[in-house]
Amino acid sequence: MLETTTVGSLPKPEYLAETEKLWPAWRLEGEALERAKERAVVEWLHHQEAAGIHIVTAGEQHRIHFVHGFLESLQGIDWEKKTPMGIRDNRYTVDVPTVTGPVSRPQPVHLNEARFTRAQTDRPLKFTLPGPMTICDTIANAHYTSRAEMAMAFADILNTEAKELEAAGIDLIQFDEPAFNVFMNDVKEWGVDALHRAIDGLSCTTAVHICYGYGIDENLRWKETLGREWRQYEDIFPALNASRLDQVSLECADSRVPLSLMKLLKDKGLMVGVVAVTRHRVETPDEVAATIRSVMAHVAPERLYPCTNCGMAPLPYDIAVDKIRSLAAGAAQVRKTL
């Protein structure tokens, strides 16, 4: 009960890549880079296990970015044809690669790293993949007739990848869909259907992560425009509750999300963010425990998985470690009272 986890991404250590960046550059090449990635995975597993995190992740140490790290192995994408694109409905602009033909997956993308990570820990292991809608909001389209059509093509690729990850011993596959908080009508029209194609045939636990984004300046400025209450979740929770996904991961800590909205997900396990992903401070275990207790007024503890709000990749390494420790300690405080 109250099993803890993180959303997925964790900071790259200094020896592996540039620090505190969303799109960092690797510091090494070739075999040295691969060994450094494995070293970083082992270190982050140790941090999580030492803190008492129940469901661990590799921290996406093998990827530069949670979306592009998956896409770079696919065909049909021109990485030289950069297109300026407004990410998350023009919240910020990035020069992104362009889909110029039918997308395909000539070989597994993350299978080897999943096998490596599985061999390093006996704890339940989560693996994250970018969701179809968020992929389509992070790459330019010069081939498909619509985002929906392109999303279904990526969903089929994700499904093949997810089945191989499950066979490698992954216990929980989470699809990251921060775009769900931006394109709410699309979520209901085709976003959930695309996720259903991505999870078709899986037996492991499946989850979707939605949030208000990384703790980067562009997202923080956008949050200031959302008013006294953040009710975007209210528009999509009914569709997610009716979906075939097992769990939903959402932002809560240090936010203006009305906790009562969680009642709309009465049939799902909830990974609720009780640790913020801003860099200015680390929550105390008491603060984490207080947030968990507030959530428990709306969510039974049997369905609650205390988590981070979002990925922590852009944060300072030590801050992320301390936040993980507070997350586990705060949940342990509450667990003792149940």
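Look above for the structure.
The text that follows walks through the structure, step by step, so that each part is easy to find. Here the structure is a predicted model, which means the values were calculated and not measured.

This part takes up the overall build of the protein chain. Secondary structure assignment for the protein chain yields 11 helices and 9 strands. The C-alpha radius of gyration computed for the protein chain amounts to 19 Å, which stays within 12% of the reference 20 Å derived for 338 residues, consistent with globular compactness. When its C-alpha atoms are laid out on the principal axes, the protein chain stretches across 55 × 45 × 40 Å. Sorting the 338 residues of the protein chain into buried and exposed places 59% on the buried side. Intrachain contacts of the protein chain at a sequence separation of at least 6 include 76% that bridge at least 24 residues.

The strand order across the open sheet built from 6 strands is S3-S5-S6-S7-S8-S9, with neighbouring strands paired in parallel fashion. The open sheet is flanked by strand S3 (126–130) and strand S9 (304–308), the only strands paired with a single partner. Adjacent strand axes in the sheet meet at a mean angle of 25° when their direction is disregarded. One ladder, built from 5 bridges, connects strand S5 (residues 172–176) with strand S6 (residues 205–209); its direction is parallel. Its bridge partner lying in S6, Phe175 is registered against Val208.

Below, the discussion takes up the nonpolar core. Counting residues in hydrophobic clusters, the biggest one holds 94 residues, and the most contacted among them are Ile210 and Leu240. Sequence-distant contacts of Leu240, defined by excluding residues within four places in its chain, comprise Phe180, Val192, Val208, Ile210, Val248, Leu265 and Lys268. Counting residues in hydrophobic clusters, the runner-up holds 7 residues, among them Ile55, Ala207, Met271 and Tyr305.

Once that is clear, we can look at the pattern of salt bridges. Applying the stated criterion across every chain, the model contains 18 salt bridges. With a closest N to O distance of 1.7 Å, Arg35 and Glu31 form a salt bridge. Residue Arg35 and its partner Glu31 are both found in helix H1 (residues 30–51); the two are separated by 4 residues, about one turn of the helix. Between Arg118 and Asp171 there is a salt bridge; the shortest N-O distance is 2.9 Å. One end of the pair, Arg118, is in helix H4 (residues 111–120); the other, Asp171, is in the loop between helix H6 (147–167) and S5, and 53 residues separate them in sequence. With relative accessibility at 36%, the residue Asp171 sits in the partly exposed group. Among the ionic contacts, a cluster of salt bridges with common partners joins Glu31, Arg35 and Glu38.

Calculation notes
- Residues numbered from 1 in each chain as written.
- Predicted model: local features only at pLDDT ≥ 70, side-chain atom pairs only at ≥ 80, totals over all residues.
- Heavy atoms only, no water.
- Helix = DSSP H or I, 4+ residues; strand = E, 2+ residues; numbered from the N terminus.
- Rg over C-alpha atoms; globule rule 2.2 N^0.38 Å.
- Buried < 20%, exposed > 50% of the residue type's maximum accessible area, 1.4 Å probe, protein only.
- Contact = heavy atoms within 4.5 Å.
- Pairing = 2+ DSSP bridges.
- Axes fitted to C-alpha atoms, helices over the stretch in contact; angles between N-to-C directions.
- Core = buried A, V, L, I, M, F, W, Y, C linked by side-chain atoms within 4.5 Å.
- Salt bridge = Lys/Arg side-chain N within 4 Å of Asp/Glu carboxyl O.

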